[in-house]
Amino acid sequence: MTRRWSILTPVCAALSLLQIACGPATTYDVVVANGRVMDPESGVDGVRHVGITGASIAAISERPLRGTRVIDASGHVVAPGFVDLHEHGQQEESYAMMVRDGVTSALELEVGTGDVAPWYAARDNAGGQIVNYGVSVGHIQARMKVLGDPSKGLLPTGIGGSGAATEAQIAEMESMLRKGLAEGAVAVGFGSAYTPGATMAEIERMFRVAAEGGASAHIHMRNNVAGLDSTIAAAAAAKVKLHIVHVNSSGDTNLVAFLDHIKAARDKGQDVTTEAYPYGAGMTEIASALFDDWKTWPDSRFGQHQLVSTGERLTRRTFEQARKQGITNATVIIHGRSEEQTRAAIVSPLTMIASDGFIENGRGHPRTSGSYSKVLGKYVREEKALPLMDALRKMTLLPAQRLEARVPAMAKKGRIKVGADADLTIFDPATVIDRATYEDATIPAAGIPYVIVGGQVVVDSGKVTTARPGRAIRAPVQ
Ligand SMILES: [Zn+2]
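Model, not experiment: these values are computed from the prediction.

(A) Representation of the coordination of the zinc ion within the structure. Protein-derived ligands of the zinc ion are His86 (NE2), His88 (NE2), Glu110 (OE) and Asp356 (OD), with the metal-ligand distances lying across 2.0 to 2.3 Å. Relative to the metal, the four donor atoms surrounding the zinc ion lie at angles of 81 to 165°, and the coordination shape comes out irregular. Summarised as a motif, the one-chain spacing of the donors to the zinc ion is H-x1-H-x21-E-x245-D. Placement of the pair is histidine 88 in the loop between β6 (82–84) and α2 (92–99) and aspartate 356 in the loop between β16 (351–353) and β17 (359–360), with a sequence separation of 268 residues.

(B) Structural detail: the sheet that holds strand β15 (residues 331–334). An order of β13-β15-β14 is seen for the three strands of this open sheet, with the pairing classed as antiparallel. Lying at the two open borders of the sheet, with one neighbouring strand each, are β13 (282–285) and β14 (305–307). The average undirected angle you get between the axes of adjacent strands in this sheet is 30°. Strand direction decides the pairing type here: β14 and β15, joined by three bridges, are antiparallel. Counterpart to histidine 305 in the pairing with β15 is isoleucine 334.

(C) Molecular detail of the pattern of salt bridges. Scanning all chains against the criterion turns up 29 salt bridges. The residue arginine 468 makes a salt bridge to glutamate 92 at a minimum N-O spacing of 2.6 Å. With arginine 468 in the segment after β22 (463–464) and glutamate 92 in helix α2, this pair connects stretches of sequence that are 376 residues apart. Classification of glutamate 92 as partly exposed rests on a relative accessible area of 36%. Put simply, glutamate 320 and lysine 324 hold a salt bridge, and the shortest N to O gap is 3.5 Å. Here lysine 324 and glutamate 320 lie together in helix α12 (residues 316–324), a separation of four residues that amounts to about one turn. Several salt bridges share partner residues, and in doing so they unite Glu41, Glu404, Arg415 and Lys417 into one network.

(D) Quick look at unusual backbone geometry. For asparagine 34, which is not a glycine, the phi torsion comes out positive at approximately 65°. Along the chain, the position of asparagine 34 falls in strand β1 (residues 27–38). The class for asparagine 34 is partly exposed, based on a relative accessible area of 33%. Its identity as a non-glycine residue notwithstanding, lysine 384 has a phi of 50°, on the positive side. Mapping lysine 384 onto the fold places it in the loop between α14 (367–382) and α15 (388–395). Residue classification places lysine 384 among the exposed positions, given a relative accessible area of 68%.

(E) Main features of the nonpolar core. One finds Phe82, Val186, Phe207, Leu376, Leu392, Met395 and Phe427 to be the most contacted residues of the largest nonpolar core, which totals 92 residues. Per-element accounting of this core gives the leading share, six residues, to helix α8 (residues 224–238). Leave out the neighbours within four places in its chain, and valine 186 touches Leu107, Leu109, Tyr120, Val135, Ser136, Leu403, Arg406, Val407, Ile473, Arg474 and Ala475. Ranked by size, the runner-up nonpolar core spans 17 residues in total, among them Ile416, Ala420, Ile426 and Ile452.

(F) Spatial organisation of α8. Along its 15 residues, α8 runs 21 Å from first to last C-alpha, staying within 8% of the 21 Å computed at 1.5 Å per residue. Within α8 the residues assigned to the buried category are Val225, Gly227, Leu228, Thr231, Ile232, Ala234, Ala235 and Ala238. Contact partners of the buried residues in α8: α7 (200–212), β10 (216–219), β11 (241–244) and α10 (255–267). Of the residues one or two after α8, lysine 239 is the one with positive phi, at around 55°.

(G) Seen up close, the environment of glutamine 401. Inspection of the secondary structure assignment puts glutamine 401 in helix α16 (residues 397–403). The class of glutamine 401 is partly exposed, set by a relative accessible area of 36%.

Cut-offs and rules
- Residues numbered from 1 in each chain as written.
- Predicted model: local features only at pLDDT ≥ 70, side-chain atom pairs only at ≥ 80, totals over all residues.
- Heavy atoms only, no water.
- Donors = N, O, S within 2.8 Å, 3.2 Å for Na, K, Ca; no water.
- Tetrahedral: all angles 85-135°; square planar, octahedral: opposite > 155°, others 65-115°.
- Helix = DSSP H or I, 4+ residues; strand = E, 2+ residues; numbered from the N terminus.
- Pairing = 2+ DSSP bridges.
- Axes fitted to C-alpha atoms, helices over the stretch in contact; angles between N-to-C directions.
- Salt bridge = Lys/Arg side-chain N within 4 Å of Asp/Glu carboxyl O.
- Buried < 20%, exposed > 50% of the residue type's maximum accessible area, 1.4 Å probe, protein only.
- Core = buried A, V, L, I, M, F, W, Y, C linked by side-chain atoms within 4.5 Å.
- Contact = heavy atoms within 4.5 Å.
- Expected span 1.5 Å × (residues − 1).

This is the structure in structure tokens:
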């Protein structure tokens, strides 16, 4: 048998180069036929037929393939499924919105969780999710627990944010982060903007724990350009891989300086990356430390704030009311950034696309439902502000590569190649666009008729199916 293969294999290879069939044709579980396959890793950009067996890509061919199910992708782009490194909505309602925006892997790496094993168990035990999911172990959450913050939500509303930690408390946080990493956390999350009581020395101690575990540190940082510089310096001292979340909102009117300083650190050899979402408004919990100075604001500033639960714009009086009720985790959308800032963040070669999305009971930010389609429709097609392949690289290969050192399985995501996970997003480049608004964040994106996760069709003719192939993205458990 060995001998027979040794003769036949090169013959078949030669015949296949000549595009002549050799042996019985394989029938794939799913074939995505006639689509324009775009793979940012190899640079492939051409019409191909993709054959899927089980959860993996088994063939990419210029000739038609036979499949049990054949999806005709004529006129459509076939891209690797989008990998979102910043997604707070880690439940079915959010997954169902983001998957129609092309996301196949959603990771909560900024805030993360204080309790990694139960976080995964809750989702694994549900028998699969619509998309793949993963989490960081979070300094914010560890701090809330160790200092005894009153909030039960994602962010502190009291001492967990503003309090100073003792040496013993810092050591306790370190051991919580170490435990989370041992349980397979994908990264370590930080929000120094939400924990003004945490000194940079405390942050640097936590960076060192991340570095020990080979994990990247994903941080919502504070204090503008000076804060960026001190964060980069702390990361350099700790030798940790640093990821600055939402440079568009953290940079705000200093966006250009932010990007310059990140580039300067990279040029010196430091591992610093960043991300952006394509909206001029942010969103956060109204009781968080970001608004601790609200009493000093001019009256005119309150109107930039829109309560997520009702859609109403706030005044000094209604802001105060909502903030008092913030213990129940009222969220607020903050308007005000210019379109020029948003565009500059999206087109920068330094940024990945990440949604920072969240939706619950039908209320949330449109970035949950439209970040990726808005980049593809508005910035790529309408404004021609960046090439399609560059946009796809920001959505697929770059975020997958960010996590690969700690999560080797990410080397199979963000690419279209034989052996890669069959996570695919199929969209019409002529019509893809976001439709969600600040008033209704649940309107799904248009122009993304098919999404495949782990070889199973989860969006079929624009509708979410009953398939739940999404699996945990997790670092090896120690
Ligand atoms: Zn966030």
